[in-house]
Amino acid sequence: MKNILVALMMLVSPVLLAQDLFMVRSQLPFPEAMSALQQSIGKSGYKVSRVQRVDIGLTKSGYKTDKYRVVFFGDADELRAVSDRHPELIPYLPLKISIFAENDETLLLASSFKHLRPFYPGPDLQLQFDRWESTIRDILERVRVAE
Amino acid sequence: MHIKDVRITCHAEWITMNLRAVLMVIVTLLLSGVSVAGPNGGAMLYRQNCAVCHGDNGGGGVGIPLNLPDFLAVASDDYLRKTLRIGRPGRIMPAFANLGDTEIDAIIGHIRSWSPQAAPVYNSDPLPGNPERGKTLYARHCTGCHGDEGRGGIGTGVTFSRPREAPVEAPALDNPGFQESVSDAMLKASLLRGREGTPMPSIKVFGLKEKDADDLVAYLRTLNRDVLPEDNSGLEPVILYESAYSLKQTLENLKQAVIGRNFRIIREQYLDQGLAPEGKEDTRRIILYFCNFAFLNDALAIDPRVGLFLPCRITLVKTEHGVQVMSINPKNLSRLFNNSDLDRYCQQMHDMYAEIMEDATL
């Protein structure tokens, strides 16, 4: 029963689970995809804390685009509670999604928590990982279908 | 998934919950029009699983093009099916264990719709070539693009926006996923035909004949490198050092160590800056971002996706017991990205993080 459910849900979920990564392609050009992403994060109840450029100097090094950002987001109370209880997770927080231009389309990418799960078997964190993963997939899916 | 973690306290409740979940899934399925058998099922599955790398129309992106007539003319359904099942371990192209046979066939049907040509069918017999002779031919004509012993070009697909050596990076011919999927006959057909629209020439342009193709195939068959990234699943997710200094002093030390290694400091901020109200941030948790452009460009050229973990970052945390300095463990990244070309880079990044933190806490 549960297996069927999981299989069905994987079929429905359009956000690619490539290994341990969540990746989607948006047909929107970079600026529009970026604003769709920020809106989508807002819809999930989280707040964007910072948009970090990764691309400083890229065009100087022969790249045709300098449109590459990492968008950090979170919730102050959740962030504090988790890092009080599990300081080891701090290097992975706040949550983030990277976004970069590919010609006139845009790719978005986030990491799952699969590689962290074996280290934190406690049910509270596993549940937290579940929640984050499903939120991130929802955020990405809204951007994928945004027009 | 959530379902696994739900504690079952009451039987009746569990049944209702599951029923509701099943109903929801079915309704979603109906609404989203998933019909795997139908002609659009394949298009949709392709969009969901492949378009992110191969482009909506198979034109390529992070992955190589799939819509080229010369590719579709030589690729058998068997090759495509196995490629989707096994992927290319350690080469970005994932294995799709989550897709059933019907779904895979639907995706293949969609890929076939890009070409009027019928799918070729090969027998699986080995060809009678001379691998020694093939090796010489390979070294003369192929190494320049496919690398020594078929390792493949460095970088990914056709993402033109990034600097790369070729418009399409040559795939790894020694990859166990490729070797397992391709038949001798398909290899030979690929060599004789070449692939218009990519740098891959027909071997005829080198004056080579059928017999030479057999020898090349025999040589390619001897290449079967185990390119799976080493199993890093047991690696600690963070690198952690304890500092005997105050938070402020440790931060100063850290900056010195970063600059001393030719990195530029990009930014220093509280962990919850931008989330907590201004002035109410948690001052015990500080992030330091820094970067070195050569390093960053190098990494992005290998795999544009690693930017997710850039620029470099070290976090300082003040606890009751003292100050901790920590970072992610970059050695986990090559597995995360299924890209063993990242191994060397991740090792370098790991050592650099460890040295900087050691310097700052000594």
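So, the overall build of chain B
And step 1. On a plain count of helices and strands, chain B comes out with 16 helices and five strands.
And step 2. Per-residue burial over chain B gives 52% buried out of 362 residues.
And step 3. Partitioning the contacts of chain B with sequence separation of at least 6, the portion at a separation of at least 24 is 69%.
And step 4. If you sum the accessible surface of chain B, you get close to 16900 Å²; carbon and sulfur atoms cover 55% of it.

Focus: the overall build of chain A
And step 1. Across its full length, chain A carries four helices and six strands.
And step 2. Taken from N to C terminus, the helices and strands of chain A fall in the order α-β-β-α-β-β-α-β-β-α.
And step 3. A buried classification covers 58% of the 147 residues belonging to chain A.
And step 4. Sequence-distant contacts, at least 24 apart, represent 65% of the contacts inside chain A between residues at least 6 apart.
And step 5. As presented, chain A carries roughly 6000 Å² of accessible surface, and 53% of it is formed by carbon and sulfur atoms.

Digging into the side chain of Arg 69 of chain A
And step 1. As for its position among the elements, Arg 69 of chain A is in strand S4 (residues 68-74).
And step 2. When sequence neighbours within four positions are dropped, the list of residues in contact with Arg 69 of chain A reads Phe 30, Met 34, Val 51, Gln 52, Arg 53, Val 54, Asp 55, Ile 97, Ser 98 and Ile 99 of chain A.

Focus on the domain arrangement of chain B
All names here are of chain B.
And step 1. Taken as a whole, chain B is organised into domain 1 (3-112), domain 2 (131-220) and domain 3 (238-361).
And step 2. Between domain 1 and domain 2, the contact holds 23 residues from the first and 27 residues from the second.
And step 3. Counting each side, the surface lost to burial between domain 1 and domain 2 is near 1900 Å², with a carbon and sulfur contribution of 63%.
And step 4. When the buried surface of domain 1 facing domain 2 is broken down by residue, Asp 70, Val 74 and Arg 91 rank first, second and third, together holding 32% of it.
And step 5. Between Asp 70 and Arg 193 there is a salt bridge whose closest N-O contact spans 2.8 Å.
And step 6. For the pair domain 1 and domain 2, the number of links is five residue pairs in polar contact (both at pLDDT 80 or more).
And step 7. At the level of secondary structure, the elements contributing two or more residues to the side of domain 1 that touches domain 2 comprise helix H5 (69-74) and helix H6 (77-86).
And step 8. Broken down by class, the residue content of the side of domain 1 that touches domain 2 amounts to twelve nonpolar, seven polar and four charged.

A word on the pattern of salt bridges
And step 1. For the structure on display, the rule yields 31 salt bridges over all chains.
And step 2. Lys 211 of chain B is the partner of Asp 215 of chain B in a salt bridge, and the nearest nitrogen-oxygen pair spans 2.9 Å. Of the two residues, Asp 215 of chain B and Lys 211 of chain B both sit in helix H12 (residues 210-220), four residues apart, roughly one turn of that helix.
And step 3. Looking at Asp 215 of chain B, the relative accessible area reads 0%, which means it is buried.
And step 4. Members of the salt-bridge network, linked through shared partners, are Asp 84 of chain A together with Asp 282, Arg 284 and Arg 285 of chain B.

Thoughts on the packing of helix H14 (residues 293-302) of chain B against helix H16 (residues 343-361) of chain B
Residue and element names in this part refer to chain B.
And step 1. The N-to-C vectors of H14 and H16 enclose an angle of 150°; their axes lie 11 Å apart at closest approach. One finds that H14 runs roughly antiparallel with respect to H16. For the pair H14 and H16, the crossing hand works out as left-handed. Mapping the contact onto sequence places Phe 295, Asp 298, Ala 299 and Ile 302 in H14 and Arg 344, Tyr 345, Gln 348, Met 349 and Met 352 in H16.
And step 2. Class assignment of the residues belonging to the contact of H14 with H16 gives a composition of six nonpolar, one polar and two charged.

Topic: the sheet that holds strand S5 (residues 322-328) of chain B
Residues and elements named next belong to chain B.
And step 1. Pairing is antiparallel in the open sheet, where five strands are placed in the order S1-S5-S4-S3-S2. The sheet terminates laterally at strand S1 (238-243) and strand S2 (264-270), the two strands that pair on one side only. Averaged over all pairs of adjacent strands, the angle between strand axes in this sheet comes to 20°, irrespective of strand direction.
And step 2. Examined bridge by bridge, strand S4 (residues 312-319) and S5 share five bridges and lie antiparallel to one another. What sits directly across from Thr 319, in S5, is Gly 322.

Some words on the packing of aromatic side chains
And step 1. For the coordinates displayed, the defined rule picks out 16 aromatic pairs over all chains.
And step 2. Centroid distance Phe 129 of chain A to Trp 132 of chain A: 6.3 Å. Interplanar angle 45°. Geometry classified as tilted. Linking Phe 129 of chain A with Trp 132 of chain A, this pair stays in helix H4 (residues 123-145), spanning three residues, or about one helical turn. Neither residue differs from the other here; Phe 129 of chain A and Trp 132 of chain A are each classed as buried.
And step 3. Here the aromatic rings of Phe 295 of chain B and Tyr 345 of chain B are separated by 4.9 Å at their centres, their planes lie at 35°, and the arrangement is tilted. Placement of the pair is Phe 295 of chain B in helix H14 and Tyr 345 of chain B in helix H16, with a sequence separation of 50 residues. Assigned by exposure class, Phe 295 of chain B and Tyr 345 of chain B land together as buried.
And step 4. Aromatic rings pair up to connect Phe 263, Phe 290, Phe 295, Tyr 345 and Tyr 353 of chain B into one cluster.

Concerning helix H13 (residues 247-260) of chain B
All names here are of chain B.
And step 1. In a regular helix each residue adds 1.5 Å, so 14 residues correspond to 20 Å; H13 covers 20 Å between its end C-alpha atoms and thus fits that length.
And step 2. Restricting attention to buried positions, one finds in H13 the residues Leu 247, Thr 250, Leu 251, Asn 253, Leu 254, Lys 255, Ala 257 and Val 258.
And step 3. Those residues of H13 that are buried lie in contact with S1, S2, strand S3 (285-291), S4, S5 and H16.

A few points about the pairing of S3 of chain B
All names here are of chain B.
And step 1. With seven of its seven residues buried, S3 lies for the most part within the structure.
And step 2. Because side chains alternate across S3, one face comprises the buried residues Arg 285, Ile 287, Tyr 289 and Cys 291, and the other comprises Ile 286, Leu 288 and Phe 290, equally buried.
And step 3. In the sheet, S3 pairs with S4 via six bridges, with the strands oriented antiparallel. In the sheet register, Phe 290 faces S4, and the bridge partner there is Cys 312.

Looking at the nonpolar core
And step 1. Ranked by size, the top nonpolar core spans 94 residues in total, and within it Leu 37 of chain A together with Phe 290, Leu 310, Phe 337, Tyr 345, Met 352 and Tyr 353 of chain B carry the most contacts.
And step 2. The dominant element in this core, judged by the number of residues it contributes, is H16 of chain B, at eight residues.
And step 3. Three or more residues apiece are contributed to this core by two domains, here domain 1 (3-112) and domain 3 (238-361) of chain B.
And step 4. Not counting residues up to four positions away in its chain, the partners in contact with Tyr 353 of chain B are Ile 239, Phe 290, Cys 312, Arg 313, Ile 314, Ser 327, Ile 328 and Pro 330 of chain B.
And step 5. In terms of nonpolar packing, the next biggest core, distinct from the first, is built from 38 residues, Ile 108, Ile 111, Tyr 219 and Leu 220 of chain B among them.

What counts and how
Residues numbered from 1 in each chain as written. Chains lettered and ligands numbered in written order. Predicted model: local features only at pLDDT ≥ 70, side-chain atom pairs only at ≥ 80, totals over all residues. Heavy atoms only, no water. Helix = DSSP H or I, 4+ residues; strand = E, 2+ residues; numbered from the N terminus. Buried < 20%, exposed > 50% of the residue type's maximum accessible area, 1.4 Å probe, protein only. Contact = heavy atoms within 4.5 Å. Areas by Shrake-Rupley, 256 points an atom, 1.4 Å probe, with all protein chains shown as cover. Domains from an automatic or database assignment. Buried area = accessible area lost by both parts, 1.4 Å probe. Salt bridge = Lys/Arg side-chain N within 4 Å of Asp/Glu carboxyl O. Polar contact = N/O pair within 3.5 Å; in protein donor to acceptor, adjacent residues only side chain to side chain. Nonpolar A, V, L, I, M, F, W, Y, C, P; charged D, E, K, R; others polar. Axes fitted to C-alpha atoms, helices over the stretch in contact; angles between N-to-C directions. Parallel < 35°, antiparallel > 145°, perpendicular 65-115°, else oblique. Left-handed = near helix turned anticlockwise from the far one by under 90°. Pairing = 2+ DSSP bridges. Phe/Tyr/Trp six-rings, centres within 6.5 Å; stacked < 30°, edge-to-face > 60°. Expected span 1.5 Å × (residues − 1). Core = buried A, V, L, I, M, F, W, Y, C linked by side-chain atoms within 4.5 Å.

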